[in-house]
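What follows is each chain in one-letter form.
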Amino acid sequence: QGQLVESGGGLVQPGGSLRLSCAASGFTLDYYAIGWFRQAPGKKREGVLCINRSDETTYYADSVKGRFTISRDNAKNTVYLQMNTLKPEDTAVYYCATDPTDCTGGYFQDWGQGTQVIVSS
């Protein structure tokens, strides 16, 4: 049984940056599309963005386009989420998940435990 572990969250001021990591063990991430999702307090979980097996990015949330970038390092079996120009509305628990197809099919199956991001002055 494989495992996904998110890390890199924390407390930052508006306009700041964070880089989140999604590290896999027990399986190879380059076989999957990897999506980032987030859930803010009192709100439904939403998709943020996704990277497919060809390193192409799909944005699920227009609000992060131009600020968030997803990338993968297959040698490290890790996917990253670089978050710049953070806003208070980005505050949420961030999750990564695997999809055995692509970023558009909605077949995310395995999820990490999440890492908390708080953007506040």
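Above this text is the structure in question.
Below is a short write-up of the structure.

Thresholds, definitions, all that
Residues numbered from 1 in each chain as written. Predicted model: local features only at pLDDT ≥ 70, side-chain atom pairs only at ≥ 80, totals over all residues. Heavy atoms only, no water. Pairing = 2+ DSSP bridges. Helix = DSSP H or I, 4+ residues; strand = E, 2+ residues; numbered from the N terminus. Axes fitted to C-alpha atoms, helices over the stretch in contact; angles between N-to-C directions. Buried < 20%, exposed > 50% of the residue type's maximum accessible area, 1.4 Å probe, protein only. Contact = heavy atoms within 4.5 Å. Polar contact = N/O pair within 3.5 Å; in protein donor to acceptor, adjacent residues only side chain to side chain.

## Some remarks on the sheet that holds strand β8 (residues 78-83)
Line of reasoning, step 1. Overall, antiparallel pairing links the four strands, which are arranged β1-β3-β8-β7 in an open sheet. Among the strands making up the open sheet, the edge pair consists of β1 (3-7) and β7 (68-73). Going across the sheet, the axis of each strand differs from the next one's by a mean of 15°, ignoring polarity.
Line of reasoning, step 2. Direction of pairing for strand β3 (residues 18-25) relative to β8: antiparallel, over a ladder of six bridges. Directly across from A23, in β8, lies its bridge partner T78.

## Thoughts on the environment of Y60
Line of reasoning, step 1. Of note, Y60 is situated in the loop between β6 (57-59) and β7.
Line of reasoning, step 2. By relative accessible area, Y60 is classed as partly exposed at 32%.
Line of reasoning, step 3. It is 9.5 Å that separates the C-alpha atoms of Y60 and T104, two residues lying 44 residues apart in sequence.
Line of reasoning, step 4. Those residues in contact with Y60 that lie beyond four places of it in its chain are F37, G47, V48, L49, C50, C103 and F108.
Line of reasoning, step 5. A polar atom in the side chain of Y60 sits 2.4 Å from the backbone oxygen of C103.

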